[in-house]
Every structure is written in structure tokens, then in C-alpha cells.
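# Fold and geometry: a report
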Amino acid sequence: MKPNEQFQLLELWERARSGEISEEEQSRLNTLIRDDAEARTLIAKSALMDAEFRHADESFFAEPSSANMRLTTPGRSWYWHGVTAAAAAIVAAGAVWLMNDTPNPVATLAKARSCKWGNSALPTMEGALLTPGTLELLEGMATLKFESGAEVTLEAPVSMEVVSKMECRVKKGTVVAEVPPQAKGFTIHTPETKIVDWGTRFGVSAGEDGKCLVHVIEGLVEVQREGETKSRELHAGQRADYGNFLATAVNPDGNREDQPESGRWLPDAIRDLGDGWQAVTTAFGEGMDSWIQSNPTIKVSGHESYLRVKHSTHDTKLDRKAYLAFDLSRFRGKQITDAEFVIHVEPSELGFASLVPDATFSVYALTDEAQDLWNEETLKWSAAPAHDESEEHRTKAISAQSRRLGQFMVPQGTTRGAFTVKSHELLEVLHADTNGLVTLILCRETDETARNGLAHAFASKENTRNSPPTLRLKVQ
């Protein structure tokens, strides 16, 4: 061992003896004692020295006497061997005490994809063994495999407590659980709900305020709500929505007048970014943004804080496209030499990210300018620019009325970030514009792997947390 490693080991040993050692340090010390013979020898010597100092008396430091001199005889080697053996026993006893005091792992962090962790009390490295404790995932997706065989996927943002090999607690956020037959009875708690699984696949979304959505993908679960005397059984395709969780997730900014704080300031002018670049958003001038859904019973007002985009062959009523209009009247007579389109993805709270792989989105520009005068409030699946209700146009725009500008990919589980399309086609569309209004259409090409996959959400001009859809233009 290197000198600095020896020093760190002795420091850990001293902290263990004084009772000031943390759980993580305790685990590290246990591993060293168990696996490293050199570490055990060093601690044994430390224990020996400590024992000598503790049992020394004044005569030890006195002038040598016949009694003292007898310690230097060959018989003294037996003394040393005895103390060394005692020290080794002390080390062994200490190791046993430390290892017995450390909780056994109940789960493994099997996968961690694009993860950004918050205030977590457990290790967050992929492959880490997890004892009971809390994990907070701010971005990305992570899968925990419990010792019982159950797998729970965390979809950011989420805070979850690992309780035991058969139990966890979702404080807030969304998880998807897959429970094999040997783990029947695996239980997920939320602030006011208990979900017991009987061999199935299901998703749970929970709020700290007690709101909770349970959706069964396959199999059977039993749901017990606080304050209710009877539990409920949910089968595949069924869900329980406590506290109107789903409606709140659809439009969290719906009752803006009731909010104690006003929304984020939105620019009412084109922003100068420097070096000839300027930015215009859907919040400027005659700009608009909204989305359409294939389910005719869903009313979209155009004032939602998100733009929902989805493709599903598992439920044809859940397809969605987004429409974005940019007012470019200020750029008439100016030469645009470069351009890019930017949009921000946000946590959706609708559907499960585990059921959608890396998702590809295509961006189209409306070339039929007669259709640029669409309205946010009247836009719908049966009446939208460059769109009809045919199967072909669920994931794309009508080619005779639009032009494909490019695509971007949102990795599975990504809930934050900006995505950009920059292409020659975009520049040509801007050069061809004659009415000062450009409409872009956003479609998701990627299907979900099972029903109730994620409906991706992008910030609209009503969003109070992020920038609205933006065109960045470089003007000569």
C-alpha cells in the first residue's frame, strides 16, 4: 500500500473505533479488512501499538532494571506474539462488528442512462449495490433490480426510497415496475396509496400532495387508498386516478389566474444575439403554437403550456402533431444568410418513457401559404394545415403542401434540453416566404412499444419555465 493509502486506512480505523464513521466509510473499511491482507496487518500493528500505550505504566519509562531487562530476553518474543494475536483478534472482532452493523444490499442499480442525480443518500454508479435509502433522479432514466427479482425504472424527475427487496416508496414522480412471478407481492407506496403487485407490469405517478395515478400495463395489481376501507383490483388497461392527477398533468398551468406568481416574461420584440444573429419566437407578433390530437373528444385550446407530440399504433386516438407559426414581417427586404430552429423538451407527465425508445422527430415547413392563417383555438385533427386523417399522414405532413426540413432525436428518458434543426431546406423556405408568416409542423416518427407510452412535451409560448419555440436567423 502507498503511504497515503495507509494513512487513509488508519484514519478510517480510528473513526470506526471512535464511532464517528459513516455508512459509506464503514462499508469501505469492511471491504479492505475482508479482501486485503496488507490492510489487516497494518490495522493489527495499529491495534498492538494502541494496546501497548494503553497498558504501559510509569516503570516502562524508568531506568532499565532487572525486571525491565527481562523483556529483552528470548521469552519476550512470546509476549509479542501474544499481543499480535490479540490485536488480530481485535481486528477480526471489529470487522465482524462492522460488517454485521452494515445493512445488506436489497437492490442493484442495473442501468443508468443520461442520469443527473440530486440529493441521493445511495450510490448512483451503474452496477452499485443499494441498501435501504433514498434516490433523487433529476434527469434521465435508471433501472433498479431488487433482490426479489422485481425491476423498477425511475423516469426523471423522481424521488424514491428503497425500503427492502420487496418494497419501495415513490415520494414524487413516475416509475414503471415489472414484477416476475417469484416477486409477487412486491409493493410500491406513495404518500397516500399502497400498490401491491401480483405479477405484472404497471406504472405509478405520484405527487407529494397525495395525488396518484396507477396504470396497469399487464397483469393485476391491488390498490389501497388511505381512508378507504376496501382495496381495488386493477387489470391490464385499467387505471386509478386519485386527486385528478391526469387532468393536472395535461395542463399544469391551466388556472394561471390562481397562481400566486405571474408567468415568466416573454419577449415582445426580436432579440439581437450578436454577430448578425437574431431570434424570434412563437410569442412574437402574429406568432402561434398549438397541437392536434386524433381523439376528437380532446379539446385543445392553444393556450396549454406544452406542445404534445406522439405516435402510437397501439391506440390510434393518441397521435399528436404540433404546429408553430413565426411572424417574420420584420425581416421583409432583409437577406437571411443562415437559420436554425430550436425547441425545448420538458417533463411530460403523460405516459411512460420506458415504453418509448429513442424517438425521432421530423420538422416540416408549410409551403402552401394559403394555409398559414390557421387559428390556435379552431385547429384540430380534422382541420389542420398539410394534414388529413389518412394513416400515411399520422407521422408526416402532406408532401404537396409542405417540405421536410430535417429531424432530431430525443434519447429515451430525456426530459430536459434544447433540440435544433439547421438545414439548407430551412433557409430556402425562409427565402421563398412572401407573407411574413412561416408555419412549422412537428411530428414524431417513432412508435411506442406498448400502450401508454410517453407523450413527448415541448415548451410552448405559454410555458412559464422554459423558452418557447424559436427561429434564430442570421441577417446580412
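Our subject is the structure listed above.
So, here's what we can say about the structure. (Residues numbered from 1 in each chain as written. Predicted model: local features only at pLDDT ≥ 70, side-chain atom pairs only at ≥ 80, totals over all residues. Heavy atoms only, no water.)

### Details of the sheet that holds strand β15 (residues 288-293)
Put simply, the rule reads: One bridge is not enough; two strands pair if DSSP finds at least two bridges between them. Labels follow the DSSP assignment, with helices taken as runs of H or I lasting at least four residues and strands as runs of E lasting at least two, numbered in each case from the N terminus. Every angle, taken between N-to-C directions, lies between 0 and 180 degrees, and every axis is a line fitted to C-alpha atoms, over only the stretch in contact when it is a helix. Residue contacts are counted whenever heavy atoms from the two residues lie within 4.5 Å of one another.
Within the open sheet, the five strands sit side by side as β15-β17-β22-β19-β20. Their pairing is antiparallel. Sheet topology places β15 and β20 (402-410) at the edges, where each strand pairs with a single neighbour. Sheet twist, expressed as the mean angle between neighbouring strand axes with direction ignored, is 20°. Bridge analysis of strand β19 (residues 359-366) against β20 gives eight bridges, and the strand direction is antiparallel. Bridging across to β20, alanine 359 finds its partner in valine 410. Of the strands in this sheet, β19, β20 and β22 (437-444) touch helix α7 (residues 424-432), which is tilted by about 140° from β20.

### Concerning the pattern of salt bridges
The line we're drawing: A pairing counts as a salt bridge when a side-chain nitrogen of Lys or Arg comes within 4 Å of a carboxyl oxygen of Asp or Glu. To sort residues, take the accessible area from a 1.4 Å probe on protein chains only and compare it with the maximum for the residue type: under 20% means buried, over 50% means exposed, and anything in between is partly exposed.
Taken as a whole and assessed by the stated rule, the structure comprises 15 salt bridges. A salt bridge links arginine 403 to glutamate 428, with the shortest nitrogen-to-oxygen separation between them at 2.7 Å. Taken together, the residues span a long stretch of sequence, with arginine 403 in strand β20 and glutamate 428 in helix α7 at a distance of 25 residues. A relative accessible area of 31% places arginine 403 in the partly exposed class.

### A closer look at the packing of aromatic side chains
Operational definition: We call Phe, Tyr and Trp rings a pair once their centres come within 6.5 Å, taking the six-membered ring for Trp, and we label the pair stacked below 30 degrees between planes, edge-to-face above 60, and tilted otherwise.
Here the structure, examined in full by the defined rule, presents seven aromatic pairs. Here the aromatic rings of phenylalanine 326 and phenylalanine 341 are separated by 6.4 Å at their centres, their planes lie at 80°, and the arrangement is edge-to-face. Of this pair, phenylalanine 326 sits in strand β17 (residues 320-327) while phenylalanine 341 sits in strand β18 (residues 336-346); the two residues are 15 residues apart in sequence, bridging distant segments of the chain. Judged by its relative accessible area of 0%, phenylalanine 326 is buried. According to the relative accessible area criterion, phenylalanine 341 is buried, its value standing at 2%. Judged by centre distance (5.6 Å) and plane angle (25°), the rings of phenylalanine 408 and phenylalanine 419 are stacked. Placement of phenylalanine 408 in strand β20 and of phenylalanine 419 in strand β21 (residues 417-421) is noted, with a sequence separation of 11 residues between them. Side by side, phenylalanine 408 and phenylalanine 419 carry an identical accessibility label, which is buried. Following the ring pairs from residue to residue traces out a cluster consisting of Phe361, Phe408, Phe419 and Phe458.

### A look at the side chain of threonine 153
Here is the rule: Polar contact is the term for a pair of N or O atoms within 3.5 Å; when the atoms are in protein, one must be able to donate a hydrogen and the other to accept it, and sequence-neighboring residues count only if both atoms are side-chain atoms.
As for its placement among the helices and strands, threonine 153 is situated in strand β4 (residues 151-164). Within the structure, threonine 153 has its side chain in polar contact with the side chain of threonine 143 (distance 3.1 Å). Excluding anything up to four places from it in sequence, threonine 153 contacts Met141, Ala142, Thr143, Thr174, Val175, Val176 and Ser354.

### Regarding helix α2 (residues 23-35)
To keep it simple, the criterion reads: Multiplying 1.5 Å by the helix residue count minus one yields the expected span of that helix. In this description, one arc is meant: the one made by directions from the helix axis to the C-beta atoms.
Relative to the 18 Å expected for 13 residues at 1.5 Å per residue, α2 spans 18 Å between its end C-alpha atoms, a close match to the ideal helical length. Regarding α2, the residues found buried are Glu25, Gln26, Leu29, Asn30 and Ile33. Projection of α2 onto a plane perpendicular to its axis shows the buried side chains occupying an angular sector of 140°, all on one side. Every exposed residue of α2 that faces more than 90 degrees away from the buried side is listed here: Glu24 and Asp35.

### Some thoughts on the pairing of strand β7 (residues 193-197)
For β7, the tally of buried residues reaches four of five residues, placing the bulk of the element in the interior. Summarising the sheet, strand β6 (residues 187-190) and β7 pair through four bridges and their orientation is antiparallel. Within the sheet, the bridge partner assigned to threonine 190 lies in β7 and is threonine 193. Between the end of β6 and the start of β7, which pair antiparallel, lie two residues.

### Some thoughts on the environment of arginine 28
Within the secondary structure layout, arginine 28 lies in helix α2. The exposure class of arginine 28 is partly exposed, given its relative accessible area of 42%. Spatially, the C-alpha atom of arginine 28 lies 9.5 Å from that of leucine 9, the residues being 19 residues apart in sequence.

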